[in-house]
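Chains, contacts and geometry: an overview
Single-letter residue listing:
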Amino acid sequence: MTEAAADVPVEALNRAAAAKELEHLAREIARHDELYHRRDAPELSDAEYDSLRRRNGAIEALYPDLIRADSPSLRVGAAPAEGFAKVTHSRPMLSLSNALDEDEVREFFTRIRRFLGLDAEAPVEVMGEPKIDGLSASARYERGRLTLGATRGDGVTGEDITRNLATIRDLPKRLVGATPDVLEVRGEIYMVRSEFGALNARRQEEGEAVFANPRNAAAGSVRQLDPGITARRPLRYFTYAAGEVSETVAATHAEFLDRLKGWGFETNPLARLCRTAEEALSFHREVGDTRSGLPYDIDGVVYKVNRYDWQERLGTVSRAPRWALAHKFPAEQARTVLQRITIQVGRTGALTPVAELEPITVGGVVVSRATLHNEDEIARKDIREGDTVVIQRAGDVIPQVVSVVMEKRPADAAAFTVPTKCPVCGSLAVRETGEAVRRCTGGLICEAQVVERLKHFVSRNAFDIEGLGRKHIEAFWRDGLVRSPDDIFRLEDKREVLTEREGWGGQSASNLFAAIAERRSIPLERFIYALGIRQVGQATARLLAKQYGSLDAWRGEMIAAEDREGPAYAELVDIDGVGPSVAGDLLAFFAEPHNLAVLERLAAALRVGDFTAPESASPVAGRTVVFTGMLETMSRGEAKARAESLGAKVAGSVSAKTDYVVAGPGAGSKLKKAEALGVTVLSEEDWSALARA
């Protein structure tokens, strides 16, 4: 702004002058953002920069109808009255499969060649990028303007953080040059170490709690209900991937990164194209060697297949893409004393030994407990109470005991005695043949199992009830307010009792009841996962929801499947990804009368939505397909993945419910059974034509 304009008091500006100055301020503030964050060449002090923003806000307060679409004030909006709204991602924000050693990376390249049917020595280009230790978020642009920001959440649904994302100066609010009508980008919100240290120093001076590490600081900052708080935090954003895009903008990931830079995004300057597995591993070593000197925290390197047409063919498995891999750095280690070994009882009754440690800092985090996995692991490493042990955070996340420092072992250290009774309910703890863990046989009479199942029921990827965390579940169980999952949906009947509890006023209780009411409607796959059935994780829950479609159908077929000679059981074990072991745990759940009663009560209290497959105009959507024989133009894995991406169900055996059998050379018994049942048999060429239709 010119000195003359700056000298004119805001209240003295007429409407025309105010409009002109707002235009100038928007342009000037954007220019200084560019100088500070992209060129590292600021022209103004922080105080001078803040003065520009304050003047802009004062003019807008005087003439609110003149607020521009590109106004700097949109970075700091008013705080929402309640929590964040939910956002369903147009394309899921998937997690990544991990590799912890070089052999796993080489196997990644081998799997890609095998899946795509390539020669063993065929080149596979990948982009290597440092894996930023931050918070994943998406940003959606329409006609070049930022319109929506969201956290990754569970990969399908995230939190609407548009106002907070708009405060991050690394993220352009309007893109440069020609852009697609819709461009969604994904990236990582992070904080550089120097700015993190300064933030913690200020908080300490002001008597506030300090953050444990930059990632926690970034995550806590972006989830503030008041965007003004977020705006005062030194957040950064690296863009690294595409979400929904309305038109093709690149043929490779390397090209896309170049396009991102042209539009005004920050991408990681260390990203490199690697043409072989050995080049990728060399890149990983190089980045690892310079890791401590980087201004931000990283915990590994991500490899992404460069060609987008190959990414499309490779698709996803469970909740991770086949075309990407996170290669983690070796975990940081430290020594400390194992004071005692305690036993933790999980929701499936598993008894897990836990090392209670003398607190020590590992990788910037204070660690006082570490998993010992199971009794075999304790025996193999000969871990005893009183030992000095080497611990590490596996993948820089989960603390674990690596080894014992034998020369420091106390003379009276005794071998650990495996408990044969549950420490919570006293029931027999049994280790089944072929299993590594010992389990409590107390079932629903074991408080630990019931409480852990309730915690799982309300967890983020299950019912995700805001305001009903682990500690609340423990307290509600202890005081008899919640004994079964369906009790949660009757808590409002106990409003008077709840509001008399310490920390629960009328407003907090009303907020909880509103959050519970919001979850009375839930998709079938989340409902199945929430039940906490052993071996039924998110991926398996989705498979079951897709196969059976509705709660009534799933429940009825599971009960029918108790006849292991009948068609319902055959259909269950035939689901690709289920099999006899998972089926056994499902049937054990449905054989328990108490579980059936809980299901009845939940069904009466909730609206469990039928499974909704992704919209597809493909003629194979919803059809059941069996592949048999040798396929010549694609691998069996690629054929199955392609069918599932089109909405088809892939089965392992032929039945009367099979719609198509795709038979290649060498097809045998499955082809004969299909012909006997009158199932449509397709050649590989016929199938490809149908899938393209």
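Placed above this text is the structure.
Residue positions are given per chain, counted from 1 along the sequence in the order it is written. For this predicted model, a pLDDT threshold of at least 70 governs which residues receive local features, and a threshold of 80 or more governs which side-chain atom pairs are given and counted, while totals over whole chains, interfaces and linings are taken from all residues. Just so you know, side-chain values use all the structure's heavy atoms and leave hydrogens and water out.

Quick word on the packing of aromatic side chains
Two rings belonging to Phe, Tyr or Trp (six-membered ring only in the last case) form a pair when the distance between their centres is within 6.5 Å. Interplanar angles under 30 degrees mark stacking, angles over 60 mark edge-to-face geometry, and anything in between is tilted. For the coordinates displayed, the defined rule picks out 13 aromatic pairs. Plain terms: the ring middles of Phe 108 and Phe 109 are 5.8 Å apart, the flat faces sit at 85 degrees to each other, and that makes the pair edge-to-face. The same class applies to Phe 108 as to Phe 109, namely buried. Seen from their ring centres, Phe 589 and Phe 590 are 5.4 Å apart, and the 75 degrees between their planes marks the pair as edge-to-face. The rule is simple: take the accessible area with a 1.4 Å probe, protein chains only, and divide by the maximum for that residue type; under 20% is buried, over 50% is exposed, in between is partly exposed.

Focus on the nonpolar core
A general tendency of soluble globular proteins is for nonpolar side chains to be buried together. Counting 58 residues, the largest nonpolar core has Phe 527, Trp 554 and Leu 572 as its most contacted members. Of all the elements, helix H21 (residues 579–590) adds the most residues to this core, at six residues. Those residues within four positions of Leu 572 in sequence are excluded, and the remaining contacts are Leu 544, Tyr 548, Met 558, Ala 561, Val 578, Ala 583, Leu 586 and Leu 587. In this text, buried Ala, Val, Leu, Ile, Met, Phe, Trp, Tyr and Cys residues form a nonpolar core when linked through side-chain atoms within 4.5 Å. Counting 33 residues, the second largest nonpolar core, distinct from the first, contains Ile 161, Leu 183, Phe 211 and Ala 250. In this text, helices come from DSSP runs of H or I with a minimum length of four residues, and strands from runs of E with a minimum of two, each type numbered from the N-terminal end. Residues are treated as being in contact if the distance between any of their heavy atoms lies within 4.5 Å.

Considerations on the pattern of salt bridges
Pairing between side chains of opposite charge can happen when the charged atoms of each approach one another. Any Lys or Arg side-chain nitrogen found within 4 Å of a carboxyl oxygen on Asp or Glu counts as a salt bridge. Inspection of the entire model under this criterion finds 48 salt bridges. Notably, a salt bridge pairs Glu 102 with Arg 285, separated by 2.9 Å at the nearest N-O pair. Here the residue Glu 102 occupies a position in helix H4 (residues 102–116), and Arg 285 occupies one in helix H10 (residues 277–290), the gap between them amounting to 183 residues. For the salt bridge of Asp 487 with Arg 490, the shortest nitrogen-to-oxygen distance reads 2.6 Å. According to the relative accessible area criterion, Asp 487 is buried, its value standing at 15%. Residues joined in a network through salt bridges with shared partners are Glu 102, Asp 103, Arg 106, Glu 278 and Arg 285.

Notes on the sheet that holds strand S9 (residues 272–274)
In short, DSSP must find at least two bridges between two strands for them to pair. Taking strand neighbours across the sheet as the criterion, the five strands line up as S2-S13-S10-S3-S9 in an open arrangement whose pairing is mixed. Single-partner strands in this sheet number two, and they are strand S2 (98–99) and S9. Across two bridges, the pairing between S2 and strand S13 (residues 324–328) is parallel. Paired with Ala 99 across the two strands is His 327, which belongs to S13. Contacting S2, strand S3 (126–132), strand S10 (298–305) and S13, H4 runs over the sheet at an angle of about 170 degrees to S13. For helices, the fitted axis covers only the stretch in contact; all axes are lines through C-alpha atoms, and the angles between them, taken along N-to-C directions, range from 0 to 180 degrees.

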